[in-house]
Amino acid sequence: MDDRRRRFAELHSIFERELHEHRRALIGWGAGLVAYAAVMLASFTAVRDNHEISKLLGSYPKAFRDMFGITDYASGPGYLRAEIFSLVGPLLIIILAVLWGSDVTAGEEERGTLDILMANPVSRRRVVAEKWAAVAVGVTLVTAVFGLVIGLGAPVVGMRVPTADLVAVLVATDLIAILFATVALALAAASGRRAIARGVAAVLAVASYLASSLAELVGWLRPVRPFSPWYHALGIDPLTVGFAPWHLALLVGLVAAFAVLAAVSFERRDLAV
Amino acid sequence: MRARPRPAVAAGARRTVGPPVVEMEKVSKRYRGGGGIEDVTLEVGPGEVFGFLGPNGAGKTTTIRLLLDLIRPDRGTIRLFGLDPRRDGVAVRRRLGYLPGDLVLYDRLSARELLSHFAHLRKGPSWEAIASLCERFDLEVDRPIRSLSKGNRQKVGLVQALMGMPELLLLDEPTSGLDPIVQHELHSSLRQLALEGTTVFLSSHVLSEVEQVADRVGMIRAGRVAAVERVDELRSRSVHLVDVRTAAPIDPAAFSALPGVARLDVVDHSAHLEIAGSLGPLIGELAGMEVTELSVREPDLEEIFLSFYARPRAAPTGSRREEHDRGRP
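Since this is a predicted model, take the numbers as computed values, not measurements.

Here we come to the overall build of chain B. In terms of helices and strands, chain B carries 12 helices and 13 strands. The burial tally for chain B puts 50% of its 329 residues in the buried class. In chain B, of all internal contacts separated by at least 6 residues, the share reaching a separation of at least 24 is 70%. Here chain B has roughly 15,000 Å² of accessible surface; of this, 51% comes from carbon and sulfur atoms.

See below:
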């Protein structure tokens, strides 16, 4: 083995190892999202030029159209909102985030590698912090690749999307995915069980989506909507309104709160019993 | 494996000085599902090799995981190097090396990646130092760990425990899965390290292993420390289990007069004896008989516990003092 490869093979921080161990998963999810974005973009011209579809969609009740983010299907932002960012795109990234977030401490506990890791002179807080950072960076990378394909592909299919709005919706998607990764991490750090962390985080993600989008249809859900992180990320429609600093700040605050919760509960527990 | 000559050290010849490295006082830890330890009090001095002996499930791993602050005691106090393993966890763990009993490594990494990762976390040993340890244990470092045999994984575990030049080594069943040659290499490494001042806390369910390397041994059973003994003391009290069959019926009187006989059952042509100390007098006695079968074995751990602690101390052991020195090389 030559020197260059050998140096490359050396790992250093827990952060690096966390990313290194998930590199295949990242490449897989990234490729899947790229394919999904490409298919969605490729069908844009067909949908835009087909007046039957527009007429059909126009015949749906307004509340229904609002719920699925269908307003102006033929415009770039309208199409992206309805087809990608109202549910499926963010959902795919959130699934990656929750699976990974639930695995970082509880996975090592369940597999049995945590004992030997924690015998090193590192604090539990540092382990949580470095692994959280790796998840955040990994999820951001995947989201960035997804966004890059949409941003570069849009002009090719004749779709016009303001760059600032596209970046705004990607930042919102990234933040909500990191939030649910952090929720899963906090649950995993407190319980030591991946299944619990995944299940509860997934239920919370779905609930927050429903509370945000169903509120368009169901009047009594309106007062609940401000408690849904999904509303603050995507419900406010960043593809139209652009950056919404207060909403994003709220999400950042939630991420910080759950990260602290994760570190504190991990510090107080008996590990891997 | 290069067999380097090592200075022969009589166990117990070392004197330990300075404050204890490991202190546990009335430490209890109960698990919800049962098990754990109760009122464990132990002290291990600097440079001492302490063998922690007990059957599986007795609480050996629980004790070691408490020392590492992986789990916290319900009651009692623990000090390592005089520090609290919880409050000063990072400082404490910088000075120790650990080999888990149930060793699970990062399967997707190679040994080189794992070792360089841990070396980085320890801000410690250079790759050259690690490589020489790997060479000593004859470890292939560039294959993924999942493709290594159980014994080779154990070697990775040993190298990561030893590589930081720790002041304290916590080894939970370190020789499980190792072939005898590597076991021997490990035992001599441990003796060498102890000579250089490293404290070793080694758990095992194999008496002979503890006998070979330890200065003192603590016996744990069902979560309680049953006894702490010097190994030379333990040896002097160790018994042999002897089964004899002869052509002619046996007269019990022939054996009952022998020194060190702790138990004697005679049925017709066969006899079962427990003898403390030397076997010489018995062999002398047997020389005059027509022996058809003879087996001598060391008692297992459970039998030692029974013979030493479950029974009153009135067992006939009067002659063991003068016998035990002759019995050892």
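Attention now moves to the sheet that holds strand E4 (residues 75-80) of chain B. Residues and elements named next belong to chain B. Spatial ordering of the open sheet is given by E2-E1-E4, a layout of three strands whose pairing is antiparallel. Looking at which strands have only one partner, the edges of the open sheet turn out to be strand E2 (36-44) and E4. On average, each strand axis in the sheet is tilted by 20° relative to the strand beside it, whichever way the strands run. Judged from the five bridges that link them, strand E1 (residues 22-30) and E4 form a sheet pairing that is antiparallel. The residue of E4 that forms the bridge with valine 22 is leucine 80. Across the sheet, helix H1 (residues 60-67) touches E1, E2 and E4, and the angle it forms with E1 is around 120°.

Side-chain positions along a regular strand alternate between the two faces of the sheet. Of the strand pairs in this sheet, E1(B) and E2(B) are connected by six bridges, and their pairing is antiparallel. From the neighbouring strand, B:Arg30 faces E2(B), where its bridge partner is B:Gly36.

Right, let's get into the packing of aromatic side chains. Scanning the entire structure with this criterion turns up eight aromatic pairs over all chains. Measuring from centroid to centroid gives 5.3 Å for B:Phe52 and B:Phe201, while their planes differ by 50°, and the two rings are tilted. Residue B:Phe52 is located in strand E3 (residues 49-53), and its partner B:Phe201 is located in strand E7 (residues 199-204); the two are separated by 149 residues in the primary sequence. Comparing B:Phe52 with B:Phe201, the two get one shared label, buried. An aromatic cluster is defined as three or more aromatic residues linked by ring pairs; in this entry it consists of A:Tyr36, A:Phe85 and A:Phe146. Just above the ring of B:Tyr106 sits the side chain of A:Arg17; from NZ or CZ to the centre is 3.8 Å. Across from the ring centre of B:Phe81, 4.0 Å away, lies the NZ or CZ of B:Arg95, which sits over that ring.

What follows deals with the side chain of A:Glu21. Looking at where A:Glu21 falls in the secondary structure, it is placed in helix H2 (residues 14-21). A relative accessible area of 13% places A:Glu21 in the buried class. In contact with A:Glu21, other than residues within four places in its own chain, are B:Tyr106, B:Arg108 and B:Leu109.

Phi at B:Asp39 is positive, roughly 50°, even though this residue is not glycine. Under the relative-accessibility criterion, B:Asp39 is labelled partly exposed at 37%.

Moving on: H1(B). Residue and element names in this part refer to chain B. Of all eight residues in H1, seven are buried, a share of seventy percent or more. The set of residues buried in H1 consists of Lys60, Thr62, Thr63, Ile64, Arg65, Leu66 and Leu67. Phi turns positive, to about 65°, at aspartate 69, one or two residues after H1.

With that settled, consider a positive patch on the surface. Where like charges cluster on the molecular surface, the positive patch consists of A:Arg23, A:Arg24, B:Arg108 and B:Arg146. By the element assignment, B:Arg146 lies in the loop between helix H4 (127-136) and helix H5 (150-162).

All names here are of chain B. Within the secondary structure layout, arginine 112 lies in helix H3 (residues 111-121). Look at arginine 112 and you get buried, because its relative accessible area is 3%. A sequence separation of 33 residues divides arginine 112 from isoleucine 145, and the C-alpha atoms of the two residues are 9.4 Å apart. Polar contacts involving the side chain of arginine 112 include one to the side chain of aspartate 142, which spans 2.8 Å.

Attention shifts here to the confidence of the model for chain B. Residues and elements named next belong to chain B. Scored by pLDDT, chain B comes out at a mean of 84, with 85% of its residues at no less than 70. Of all the helices and strands in chain B, helix H12 (residues 320-327) carries the lowest mean pLDDT, 35, while E4 carries the highest, 97. The low-confidence segment residues 1-14 (pLDDT under 50) makes 28 contacts with residues lying over four places distant or belonging to another chain. Across residues 311-329, confidence stays below pLDDT 50; counting only partners more than four residues off in sequence or on other chains, it has 21 contacts.

The next thing to look at is the interface of chain B and chain A. Listed as interface residues are 31 residues of chain B and, on the opposing side, 33 residues of chain A. Across the interface of chain B and chain A, roughly 3,000 Å² is buried in total on both sides, 53% from carbon and sulfur atoms. For the chain B face of the interface with chain A, the top three residues by lost area are B:Leu70, B:Tyr106 and B:Leu121, together amounting to 21%. Scanning the region where chain B abuts chain A turns up two salt bridges. The closest approach of N and O atoms between B:Arg65 and A:Asp115, which form a salt bridge, is 2.8 Å.

Glancing now at the packing of helix H3 (residues 23-42) of chain A against helix H11 (residues 124-156) of chain A. In a pair of packed helices, the angle between the axes and the distance between the axes together describe the arrangement. All names here are of chain A. One can describe the packing of H3 onto H11 by two numbers: an axis separation of 9 Å at closest approach and a directional angle of 25°. Looking at the two axes, H3 sits roughly parallel to H11. The interaxial crossing formed by H3 with H11 has right-handed handedness. Judged by residue contacts, Leu26, Leu33, Val34, Tyr36, Ala37 and Leu41 of H3 engage Gly138, Val142, Val145, Phe146, Val149, Ile150, Gly153 and Ala154 from H11. Taken together, the residues of the contact of H3 with H11 sort by class into 12 nonpolar, two polar and no charged.

Attention now moves to the nonpolar core. Residues A:Phe85, A:Phe146 and B:Phe201 are the most contacted members of the largest nonpolar core, which totals 145 residues. It is helix H12 (residues 163-191) of chain A that provides the largest number of residues to this core, a total of 16 residues. With near-sequence residues (within four places) excluded, A:Phe85 lies in contact with A:Leu80, A:Pro90, A:Phe146, A:Ile150, A:Leu166, A:Val169, A:Leu170, A:Thr173, A:Leu234 and A:Leu239. Counting 12 residues, the second largest nonpolar core, distinct from the first, contains B:Val242, B:Ile250, B:Leu258 and B:Ala271.

Quick notes on the rules
- Residues numbered from 1 in each chain as written.
- Chains lettered and ligands numbered in written order.
- Predicted model: local features only at pLDDT ≥ 70, side-chain atom pairs only at ≥ 80, totals over all residues.
- Heavy atoms only, no water.
- Helix = DSSP H or I, 4+ residues; strand = E, 2+ residues; numbered from the N terminus.
- Buried < 20%, exposed > 50% of the residue type's maximum accessible area, 1.4 Å probe, protein only.
- Contact = heavy atoms within 4.5 Å.
- Areas by Shrake-Rupley, 256 points an atom, 1.4 Å probe, with all protein chains shown as cover.
- Pairing = 2+ DSSP bridges.
- Axes fitted to C-alpha atoms, helices over the stretch in contact; angles between N-to-C directions.
- Phe/Tyr/Trp six-rings, centres within 6.5 Å; stacked < 30°, edge-to-face > 60°.
- Lys NZ or Arg CZ within 6 Å of the ring centre and 35° of its normal.
- Patch = residues over 30% accessible without salt bridge, like charges linked within 9 Å, V, L, I, M, F, W, Y side chains within 5 Å.
- Salt bridge = Lys/Arg side-chain N within 4 Å of Asp/Glu carboxyl O.
- Lys, Arg positive; Asp, Glu negative; His and termini not counted.
- Charge placed at Lys NZ, Arg CZ, Asp CG, Glu CD.
- Polar contact = N/O pair within 3.5 Å; in protein donor to acceptor, adjacent residues only side chain to side chain.
- pLDDT = per-residue confidence, 0-100.
- Buried area = accessible area lost by both parts, 1.4 Å probe.
- Parallel < 35°, antiparallel > 145°, perpendicular 65-115°, else oblique.
- Left-handed = near helix turned anticlockwise from the far one by under 90°.
- Nonpolar A, V, L, I, M, F, W, Y, C, P; charged D, E, K, R; others polar.
- Core = buried A, V, L, I, M, F, W, Y, C linked by side-chain atoms within 4.5 Å.

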